[in-house]
Amino acid sequence: MKHLFLLLASMLVSTIIFAQTGSIRGTVTVKGKPLEFGTAALKNTQYGTTTDEKGVFEIKNVKYGSYQLVISAIGYRTITKAVTISEAKFFQELTLQTDELENSLAEVVVTGTMKEVSKLDSPVPVEIYTPVFFKRNPVPNLFESLQNINGIRPQLNCNVCNTGDIHINGLEGPYTMIMIDGMPIVSGLSTVYGLSGIPSALIERVEVVKGPASTLYGSEAVGGLINVITKKPSSAPLVSVDVMGTSWAEFNADLGLKYKLGEKIQSLFGLNYFNFQRPTDKNGDGFTDITLQNRISLFNKFSIDRKDNRVFTLGGRYVYEDRWGGQTQWTPKYRGSNEIYAESINTKRWEVIGAYQLPMKEKITFQFSANGHLQDSYYGTTPYQAQQYIGFGQFTWDKKLKERHDLLVGTALRYTFYDDNTPATDADGKNAPSKVLLPGLFVQDEITLTTNHKLLLGARYDYNSIHGSIFTPRLNYKWTSTDKKNVLRASVGNGYRVANVFTEDHAALTGARKVEFTEELKPERSWNGNLNYVRKFFLGNGGYVGLDATAFYTFFNNRIIPDYLTDPNKIIYSNLSGNAVSRGLSLNIDVSLANGLKFMTGATAMDVFQREDDGSGTLVKQTQLLTEKFTGVWSVSYTFPQIGLSVDYTGNLYGPMKLPVLGPLDPRPEYSPWWSLQNIQLGKKFNNGLEIYGGVKNLLNFTPSPDAIARAFDPFDKQVTFDATGQVVPTPNNPYALTFDPSYVYAPNQGIRFFAGVRYNLFK
């Protein structure tokens, strides 16, 4: 763990030859070393400069008065100190207190290399998003919050039960690993629920890596990973409350509470409760526009003080959720019947996570997690009863060799038990739960070639008890300019993934289509390359502009893509006979002006497709379904300091995406239109820790066309005529030869709505 401490050692104020003006001169050091090329500026003025190689700065010809001195630098959080320039204060020396210095630590990330390292020093590009970012557009779960991040799109996979997954750079949810405190507990059966029920009061930050991370984290990290870092009890508020409601009668509450158990155990308790119980059908298709939910999640985390600050943390979470969506007149007595259609899902889930550093000189840490997931559900008349248990443990040895080599060696073991009532766990008519043992070894060496150049080499070996040996190497390179304003990162890596169709794709469960496997599925393999360039401009008056551009390319073999088009009555799964590609460019621009105006925008252009053998040896290119070629995000924020009123305007823009139409007669468009979600929020903070906020979501009132669910009036296909081969026959009451199908979904059905909430934080 690399700690950085920012110390403003001294500050001298002197008046010079000009009447009514003076100069500020000082030195900035970090952990005893000069802070090079940082910015020193007086807030809301044009006065500013940069520190030299000795950390010294001087701002000249400043008019007498009181100012806010802002010290900022790449990779560090900004600190602000009040200063006064007057004839009487010719000389002034300031020393920051220890707690101030800790709050000024550099932005620390752990996801890219499995070590705590400043974001600037990480050879792997890691994006950091704090609760402040997510509060610009408050939502009741982290799943929806991620829509504010460039290149990430929460995709609804079911128009009825409103479950979904996270797409990164066009790759579907199963290609993204989601973790809490570095533990892979959100996977498999919980893939579509894992981001709901995490109390926002407990989130310290969210780290995002776009690109392969299988070398460190194994399967499921082919396309990238999202790591939710929870707060340390020592830095959390004593009490935090966030309660919000909307004009659609949604209610969400988050509670955080810090307490002690004796002298050495600090604890953090969190609760999230979400409730929506009003069946709403504004598009008139007879189905609920969004699912009804009743969810509660409890979380508790213990941090035990140990000798020499060794780590020992233990946490647990329990989630209960009851959700249903379907025909508005549905009640629980129709569950599983063929009279009124609904998808009803009851979920119970428990999780345990922890880390323990061994009591020895070497830094060896044992991390562990376990979880159980029980799902009792009906998709119309189709039951889906499933249970899954996962145990995971790994040792890591963090060792620095001389000055150039920073080594990480680890070994991991993961056991997965999965059972359901589908053919996935059936063998010759008998129940045969899936049991997978996955031991692995990994090694990583971060090599400092020179002051400006770093190389990261990594390799991982896993043995899957079903699929055998799997080897995944990777290489990362980072160059930093001498003034640290330019950073270039390049990476190439290999990944693999073992698909579990029924836990990842809810479209396979709706009962609307028959699921068919044409072969035994093999693990997917991929090669991925990324090129990332970061450039920051520090403005003389304390503002800055940041640019972050990335080019990405992923090539897949054996990819498993559900085929919705060959037969409108089936979802056909098989390994792709050919290859698949995801490639594109993304750009983020982050602007913060001295007057308080903040502007952030990002855009991603991508091309995601597969090339499939048409039977003659010719590879035919096909665009991936439900994947846009362009996406953009933005946020504009401003605070009126005199009255403490903040304004946030956020939005998303999505390009057309190919949709799963049900055959040549289907009258619905094959591509979605351009569409946008935009939101505005006003907030008011008070000095006692209270904050009130409110605004409007989906200002443009965009919703998809009301025929997104095919034949919503006939959900059991009672009026559909099939021929001898099982194909739909056009009839006078079904001229387009459709069947009931909820898979044609690209945007949420929820239109414009108002929201209001209150937050309260008490620190002690």
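See the structure shown above.
The notes below deal with the structure included here. Small disclaimer: the values here were computed from a predicted structure and weren't measured.

Scoring rules and cut-offs
Residues numbered from 1 in each chain as written. Predicted model: local features only at pLDDT ≥ 70, side-chain atom pairs only at ≥ 80, totals over all residues. Heavy atoms only, no water. Core = buried A, V, L, I, M, F, W, Y, C linked by side-chain atoms within 4.5 Å. Buried < 20%, exposed > 50% of the residue type's maximum accessible area, 1.4 Å probe, protein only. Helix = DSSP H or I, 4+ residues; strand = E, 2+ residues; numbered from the N terminus. Contact = heavy atoms within 4.5 Å. Pairing = 2+ DSSP bridges. Axes fitted to C-alpha atoms, helices over the stretch in contact; angles between N-to-C directions. Phe/Tyr/Trp six-rings, centres within 6.5 Å; stacked < 30°, edge-to-face > 60°.

Grouped together as the largest cluster of nonpolar side chains are 25 residues, with contacts concentrated most on Phe134, Ile149, Ile152, Ile166 and Ile226. Contributing elements (two or more residues each) for this core: α2 (131-134), α3 (142-145), β13 (164-168), β14 (176-180), β15 (183-186), β16 (203-210) and β17 (224-230). It is β16 that provides the largest number of residues to this core, a total of three residues. With near-sequence residues (within four places) excluded, Ile226 lies in contact with Leu146, Ile152, Ile166, Ile168, Thr176, Met177, Ile178, Met179, Val206, Glu207 and Val208. In terms of nonpolar packing, the next biggest core, distinct from the first, is built from 17 residues, Val209, Ala213, Tyr217 and Leu456 among them.

Turning next to unusual backbone geometry. It is generally the case that most residues other than glycine have a negative phi and that most peptide bonds are trans. Despite not being glycine, Ala249 has its phi angle at roughly 70°, a positive value. Take Ala249: it is sitting in the loop between β18 (239-246) and β19 (251-261). Looking at Ala249, the relative accessible area reads 30%, which means it is partly exposed. With a phi angle near 45°, Arg711 is a residue other than glycine that sits in the positive phi range.

Our focus in this paragraph is the sheet that holds strand β4 (residues 39-42). Overall, antiparallel pairing links the four strands, which are arranged β5-β4-β7-β8 in an open sheet. Each edge of the sheet is formed by a strand with only one pairing partner; in this case those strands are β5 (48-50) and β8 (79-85). The sheet shows a mean angle of 20° between the axes of neighbouring strands, taken without regard to direction.

As enumerated under the stated definition, the model contains 20 aromatic pairs in all. Geometrically, the ring pair formed by Tyr638 and Phe640 is edge-to-face, given 4.9 Å between the ring centres and 85° between the ring planes. Looking at Tyr638, the relative accessible area reads 26%, which means it is partly exposed. The class for Phe640 is partly exposed, based on a relative accessible area of 35%. Plain terms: the ring middles of Tyr693 and Phe755 are 6.5 Å apart, the flat faces sit at 50° to each other, and that makes the pair tilted. Here Tyr693 is found in strand β43 (residues 690-697), whereas its partner Phe755 is found in strand β46 (residues 753-762), with 62 residues between them in sequence. In this structure Tyr693 comes out as buried when scored by relative accessible area, which is 5%. Three or more aromatic residues joined by ring pairs make a cluster, and in this case those are Phe287, Tyr341, Phe716 and Phe740.

As far as function goes, none of this settles anything; it's purely spatial.
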